[in-house]
Amino acid sequence: MANFGTLVGNDQATDVTTLGTSNTSASVDGAKVTPGAKLDGPPAVSVLNTLPVKGKAPATGYDRNQMFGNGWKDFNGNKCDERQDTLKRDLSSVKFKDAKKCQLASGTLADVYTGTTIKWKVNSGSVDIDHVVALKNAWVSGGVQLSQDQRQGLANDPLNLMASQASANRSKGDANAAEWLPANKSFRCRYVATQISVKKKYMLSVTASEKNAMERVLSTCPKQQAAAATPLKPLAKAPTVAPGTSAAPAKKPSTTAPNPKQVSPGAYCAQDDEGTRGLGKNTGKSYTCKSSDSDTRLRWR
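These numbers come from a predicted model, not from an experiment.

Enquirer: Hey, could you go over the state of the cysteines for me, with residue numbers and the actual values?
Expert: Under the defined criterion, the tally for this structure stands at 3 disulfides. One disulfide in the model links C80 with C102; its S-S distance is 2.1 Å. Residue C80 is located in the loop between α2 (64-68) and α3 (82-90), and its partner C102 is located in the loop between β5 (91-96) and β6 (104-111); the two are separated by 22 residues in the primary sequence. Residue class for C80 comes out buried when judged on its relative accessible area of 5%.

Enquirer: Break down empty space enclosed by the protein for me, citing the residues and quoting the values.
Expert: The rolling of a water-molecule-sized probe over the atoms marks out the regions of remaining empty space. Tallied over the full model, the rule gives 1 cavity of 30 Å³ or more. One number sums up the size of the largest cavity: a volume of about 40 Å³. Around the largest cavity, the lining residues are K54, G55, K56, N137, V140, S141, K199, S205, V206, T207 and E210. Its residues assigned to classes, the lining of the largest cavity comprises 2 nonpolar, 5 polar and 4 charged.

Enquirer: Account for the layout of surface pockets, naming residues and giving values.
Expert: If you add up the space inside the second largest pocket, you get close to 170 Å³. Forming the boundary of the second largest pocket are G36, A37, K38, D40, R89, D157, P158, L159, K201, A227, A228 and A229. Residue composition of the lining of the second largest pocket, by class: 6 nonpolar, 1 polar and 5 charged.

Enquirer: So what's going on with the sheet that holds strand β12 (residues 277-280)? Which residues, and what values?
Expert: The mixed open sheet is built from 4 strands, whose spatial order is β11-β12-β13-β14. The sheet is open, and its two edges are formed by β11 (261-263) and β14 (299-300), each paired on a single side. As paired elements, strand β13 (residues 286-290) and β14 share 2 bridges and run antiparallel to each other. Across the sheet, residue C289 finds its bridge partner in β14, namely W300.

Enquirer: For the nonpolar core, give the residues involved together with the corresponding values.
Expert: Grouped together as the largest cluster of nonpolar side chains are 42 residues, with contacts concentrated most on F68, Y113, L154 and I196. Elements supplying a minimum of two residues to this core: α1 (44-48), α2, α4 (135-140), α5 (148-156), α7 (188-201) and α8 (208-218). The element contributing the most residues to this core is α7, with 6 residues. Those residues in contact with I196 that lie beyond four places of it in its chain are A44, V47, L48, L51, M214 and L218. Within the second largest apolar cluster, 11 residues are counted, among which are W72, L87, L91 and V127.

Conventions and cut-offs
- Residues numbered from 1 in each chain as written.
- Predicted model: local features only at pLDDT ≥ 70, side-chain atom pairs only at ≥ 80, totals over all residues.
- Heavy atoms only, no water.
- Disulfide = S-S within 2.5 Å.
- Helix = DSSP H or I, 4+ residues; strand = E, 2+ residues; numbered from the N terminus.
- Buried < 20%, exposed > 50% of the residue type's maximum accessible area, 1.4 Å probe, protein only.
- 1 Å grid on protein atoms, 1.4 Å probe; cavity = no way out; pocket = protein on both sides within 12 Å on 5 of 7 lines; lining within 4 Å.
- Points joined across faces, edges and corners; volume = space filled by probe spheres on them.
- Nonpolar A, V, L, I, M, F, W, Y, C, P; charged D, E, K, R; others polar.
- Pairing = 2+ DSSP bridges.
- Core = buried A, V, L, I, M, F, W, Y, C linked by side-chain atoms within 4.5 Å.
- Contact = heavy atoms within 4.5 Å.

Structure representation (structure tokens):
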């Protein structure tokens, strides 16, 4: 479900036309647009099988704005925030409010969640920007272990964003694939493959029931690809410290040689000391633990 200012229209009956459940793209003025990220990587089934299977973690500490960033960010550095970039990517026949073509005024969405087409205008309320993997689901699937920057990346990553009918987005909430799937059955394979791609990239887990639901969907489209996304590098784990204590500072390597052992010249020495040097107790001279040609026993010589 979308976050922080994602509402970009109210669903009005005059704005929505049913296309049928087979439509996943719109062709308006000759421009064909299929909403969502590109899925041109490895088979989604094989990526799914690499995801860890775990139960949902507690939602303790979850706060959307605090943990995933307050407001949309400019993920790709093009000076436009990701809400506007997603609208530009997913809508056709777009018109802009500004000269730099950053703020959209209107466009047409072939909504892949419902199989309807929506003639959208700014402030109409009919279109949301959905997080394909809901942020709360990400949190309970391992997102709590990500850094703040990584979580903000997940919340603004085009891979995890989809322009969709507002009511469909809101009915989804923070559900996973076992709890909610798009009404448009022809899009379910791409929807599940996108979720798998996001979870792989951000090192998130799936529940057993979630994986089963994904497998059922993908059984109808075994050649469905996931995204060609590079997984994040795991964060270095800090040492475990008992409550109320602080971690001991790391020991610096010694820069001085240890003091030589005090020895008695001619005395026997241990096998472990063979080849080492010692300092005569009374003479102050240096002696080595070794044998001689005439005496195989180790002595300080």
